[in-house]
Amino acid sequence: MVAIHITTGSNTPIFQQIVAQVRAAIASGRWKVGDPLPSVRSLAKELVVNHNTVAKAYKQLLQDGLIDSHQGRGYFVAKRREIYTKAERVRRVRKLVQPLVSEAITLGLSSDEIVSLLKQELGKLRQSDE
């Protein structure tokens with residue numbers, strides 16, 4: 001199981017850090033369909049955070065269709081399913097890409113360099129999927 005690490009004092013709320021790391025683990029294939037997630041209480045204890053923080057992260061992951069909850073058994077990585085329309089998926093990704101592109105441009109990266117970085121990251125995810 002992939003370890004989840006948080007950075008206290010970060011501008012990113014802890015529950016969002018958990019969501020992002022679970023997403024990354026699923027996207028990279030390190031966590032596969034059916035793999036169990038740590039229980040809310042055990043992850044909260046491990047991270048030394050309130051269990052409501054972990055519950056909030058898991059609730060977000062449930063809403064996004066990335067994990068399933070099985071009464072009395074826990075949380076598991078869900079089979080990929082389309083819960084959003086194509087237009088909504090594009091809107092959600094565009095909302096993430098716009099600040100990334102703006103930041104890259106302000107740091108002086110060219111369009112080609114930005115595209116190259118994105119391709120590299122996609123390549124890393126695809127390699128770990130094989």
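Residues numbered from 1 in each chain as written. Predicted model: local features only at pLDDT ≥ 70, side-chain atom pairs only at ≥ 80, totals over all residues. Heavy atoms only, no water.

Engineer: With reference to specific residues and values, describe unusual backbone geometry.
Structural biologist: With a phi angle near 55°, valine 48 is a residue other than glycine that sits in the positive phi range. Examined against the element boundaries, valine 48 turns out to sit in the loop between helix H2 (40–47) and helix H3 (51–63). Judged by its relative accessible area of 72%, valine 48 falls in the exposed class. (Helix = DSSP H or I, 4+ residues; strand = E, 2+ residues; numbered from the N terminus. Buried < 20%, exposed > 50% of the residue type's maximum accessible area, 1.4 Å probe, protein only.)

Engineer: Break down the side chain of aspartate 64 for me, with residues and values.
Structural biologist: As for its placement among the helices and strands, aspartate 64 is situated in the loop between H3 and strand S1 (67–70). One polar contact links aspartate 64 to arginine 92, side chain to side chain, over a distance of 3.4 Å. (Polar contact = N/O pair within 3.5 Å; in protein donor to acceptor, adjacent residues only side chain to side chain.)

Engineer: Which residues make up the nonpolar core, and what are the values?
Structural biologist: Core analysis: the biggest nonpolar cluster contains 22 residues, and Ile18, Val22, Trp31, Val54 and Tyr58 have the highest contact counts within it. Looking at this core, the elements that each hand over two or more residues are helix H1 (14–27), H2 and H3. Considering every element that reaches this core, the biggest residue donor is H1, with six residues. (Core = buried A, V, L, I, M, F, W, Y, C linked by side-chain atoms within 4.5 Å.)

Engineer: Just give me the short version of the packing of aromatic side chains, but keep the residues and values in it.
Structural biologist: The description of two aromatic rings rests on the distance between their centres and on the angle between their planes. Following the criterion strictly, the structure yields one aromatic pair and no others. Ring centres of tyrosine 58 and tyrosine 75 lie 4.8 Å apart, and the angle between their planes is 65°; on these two criteria the pair is classed as edge-to-face. Here the residue tyrosine 58 occupies a position in helix H3, and tyrosine 75 occupies one in strand S2 (residues 74–77), the gap between them amounting to 17 residues. We note lysine 56 situated over the ring of phenylalanine 15; from NZ or CZ to the ring centre the distance is 4.2 Å. (Phe/Tyr/Trp six-rings, centres within 6.5 Å; stacked < 30°, edge-to-face > 60°. Lys NZ or Arg CZ within 6 Å of the ring centre and 35° of its normal.)

Engineer: How would you summarise H3 if you had to cite specific residues and measurements?
Structural biologist: An ideal rise of 1.5 Å per residue puts 18 Å on 13 residues; H3 measures up with 18 Å between its terminal C-alpha atoms. Residues of H3 that are buried: Val54, Ala57, Tyr58 and Leu61. The buried residues of H3 occupy an angular sector of 95° when the element is viewed end-on, so they sit on one face. Packed against the buried residues of H3 are H1, H2, S1 and S2. Where H3 begins, one side-chain oxygen reaches toward the backbone nitrogen of asparagine 52, 2.7 Å away; that side chain belongs to asparagine 50. (Expected span 1.5 Å × (residues − 1). Arc of directions from axis to C-beta. Contact = heavy atoms within 4.5 Å.)

Engineer: Before we move on, could you go through the pattern of salt bridges and cite the residues and values that matter?
Structural biologist: Overall, the coordinates contain four salt bridges when judged by the stated rule. Measuring nitrogen to oxygen at the nearest pair gives 2.8 Å for the salt bridge that ties arginine 91 to glutamate 88. Here arginine 91 and its partner glutamate 88 are both found in helix H4 (residues 86–106), three residues apart, which amounts to about one turn of the helix. Several salt bridges share partner residues, and in doing so they unite Arg23, Asp64 and Arg92 into one network. (Salt bridge = Lys/Arg side-chain N within 4 Å of Asp/Glu carboxyl O.)

Engineer: With reference to specific residues and values, describe the side chain of glutamine 17.
Structural biologist: Tracing the backbone shows glutamine 17 in helix H1. You can call glutamine 17 buried: its relative accessible area is 8%. Setting aside chain neighbours within four positions, we find glutamine 17 in contact with His5, Ile6, Thr7, Ser10 and Thr12.

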